[in-house]
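# Per-entry structural report
Letter by letter, the chains look like this.
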Amino acid sequence: MRAELLDNPVKRMPQSFRFTGELREAFRARGIDLADSEAVAGLIDRGLGPISGGATGMDGAAFMHNLPPEGTFEMNSDLFFAQTERNDVPQGQVAFPGLGGAPFDVRLSNVGVLASIKIIFEGSLVVAGGGTCTATYQWPWNTMKRFSLSANGQTSLLSAEGMDLRARNQRIYRNPRDPMTTATQTDGVFGDPQAGVIANGTYPIQLIYEVPIIHDWYTLTGALFAQSDQIYLGWRFTPAATAELFTLTGGSTATLTGTVKSTTTFFDVPYADVQGGRKVLIPDLQWLHGFVGSDLPFANTGDVKAPFIRTSGELLAYYSYLDNGGAAVIDPTALSEIRFEYGGNRKPRVHNPPTTLLDKNVKDYNGRILPKAGYSVFDFESDNPSRDLVFPKGVTELQTVFGIPAGTTINANAHVHFVEEALFAGR
């Protein structure tokens, strides 16, 4: 893309992020030390961005180009919205390979501006035998143990557990009622089963995962330009192992069968006669939406430190839970402290006791997020994004610290599971 002066960056930014923080980060991304540059500070005060050959983002954006060829498009959200059409299109189905089965991949069509994928599991659980079958905290949402979205053979935009997708759904929609989920021992209202012994029998199962390609349905912030031969988009479904979902004793068995279906939501790409000729119309595609989960093993009590994955984006939310060996979790209420810190000694958010963080989550989301799994959420956009957003690349030693009281039994394979949700500049 030719170099241009971003003389009105506020107009081109998503509605929720029209703030000087984006400008500061844009200059930092180009290696400019703001502390030593009065000229740059003046540009920021005037709302002017750097001279740029295109937006820059986290390293994972380097393998894809989220725009049509240069000179062929007009980025005009209002005109695009007036002339496009929404499409919700089923993408066929795949036989579920069974618990512990091999991952499978589904290619996405190179059509339109891609906004969302819904993945639907429909099947049945058969519990049999003379022993007991007890659901772990991962049942049922980690039936899809790992989801990943890849572009051109690399994964960096979306890679998380099925539970993480469910947790985001509950954060964004404030713990909505969910009579559509069908699994063992649900209340038929909120759709989240309780842990406990599952009696022998056959249970119908329906799980719906919404994959958050975009962050905002109104502006389509984070959408992917899929209508290009230069990009290969696909997603992967990795099934859980039986032991991750169920504890079986005395010869009890649990068999899960079914099909995996998906539906994509995309928007037609219209054309318009604009200055410079007839061009493709696209919405604002300058931002990509990242949702990436990771695990950090630990075997100690006291402070357990979970460093952030550093990107050049803007951190929207940080989800986490403490797995204590696969079948159980350490609930946040059993911790002495949860804090967010950086720079060695900066501790801007300290929750001691952690119930203060859970109390905020309850008020923000009309309840806790997947309480059976013990999620807690640092939400940097719920109150005031211009004030509270964090730029992970702009600080050092950024981490969350979990205080585990002495005497807590730490099982083998214990780990912190965390997800960073961020917006970062595309290409």
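Remember, it's a predicted structure, so these values are computed and weren't measured experimentally.

What counts, and at which threshold
Residues numbered from 1 in each chain as written. Predicted model: local features only at pLDDT ≥ 70, side-chain atom pairs only at ≥ 80, totals over all residues. Heavy atoms only, no water. Phe/Tyr/Trp six-rings, centres within 6.5 Å; stacked < 30°, edge-to-face > 60°. Helix = DSSP H or I, 4+ residues; strand = E, 2+ residues; numbered from the N terminus. Buried < 20%, exposed > 50% of the residue type's maximum accessible area, 1.4 Å probe, protein only. pLDDT = per-residue confidence, 0-100. Contact = heavy atoms within 4.5 Å. Pairing = 2+ DSSP bridges. Axes fitted to C-alpha atoms, helices over the stretch in contact; angles between N-to-C directions. Salt bridge = Lys/Arg side-chain N within 4 Å of Asp/Glu carboxyl O.

### A look at the packing of aromatic side chains
Across all of its chains, the model carries 17 aromatic pairs by this definition. Seen in terms of ring centroids, Y318 and F418 are 5.7 Å apart; in terms of plane orientation they differ by 15°. Their pairing is stacked. Note that Y318 is positioned in strand β20 (residues 314-323) and F418 in strand β26 (residues 415-425), a separation of 100 residues in sequence. The same class applies to Y318 as to F418, namely buried. Considering the side-chain rings of F340 and F378, the 5.9 Å spacing of their centres and the 45° angle between planes classify their relative orientation as tilted. Of this pair, F340 sits in strand β22 (residues 337-342) while F378 sits in strand β24 (residues 376-379), and the two are 38 residues apart along the sequence. A network of ring pairs unites the aromatic residues F96, F104, F121, F147, W235 and F237 as a single cluster.

### Here's the deal with the confidence of the model for the protein chain
Detailed reading of the predicted model is not advised wherever pLDDT is low. Looking at the protein chain, pLDDT values average 85 and 81% of them are 70 or higher. Here residues 1-19 scores under 50 on pLDDT; set against residues more than four positions off or in separate chains, the count is 47 contacts.

### Observations regarding the sheet that holds strand β3 (residues 73-75)
The 3 strands lie next to each other as β3-β17-β16, forming an open sheet whose pairing is mixed. Two strands bound the open sheet, and with one partner strand each, they are β3 and β16 (271-274). Neighbour-to-neighbour, the strand axes of this sheet turn through a mean angle of 50°, independent of strand direction.

### Some remarks on the pattern of salt bridges
Evaluation of the coordinates by the stated rule reveals 20 salt bridges. Note that E122 and K261 form a salt bridge whose closest N and O atoms lie 2.9 Å from each other. Of this pair, E122 sits in strand β6 (residues 113-128) while K261 sits in strand β15 (residues 253-267), placing them 139 residues apart in sequence. With a relative accessible area of 28%, E122 lands in the partly exposed category. Where E341 meets R339, a salt bridge forms, and the shortest distance between an N and an O atom there is 2.7 Å.

### Looking at unusual backbone geometry
Between W139 and the following residue, P140, the backbone shows a cis peptide bond with an omega angle of 0°. By secondary structure assignment, the location of P140 is in the loop between β7 (132-135) and β8 (144-151). Cis geometry marks the peptide bond from N352 to P353; its omega dihedral reads 10°. In this structure, P353 sits in the loop between β23 (346-351) and α7 (355-365). Unusually for a residue other than glycine, N366 sits at a positive phi of about 60°. Summarising the element assignment, N366 is placed in the loop between α7 and β24.

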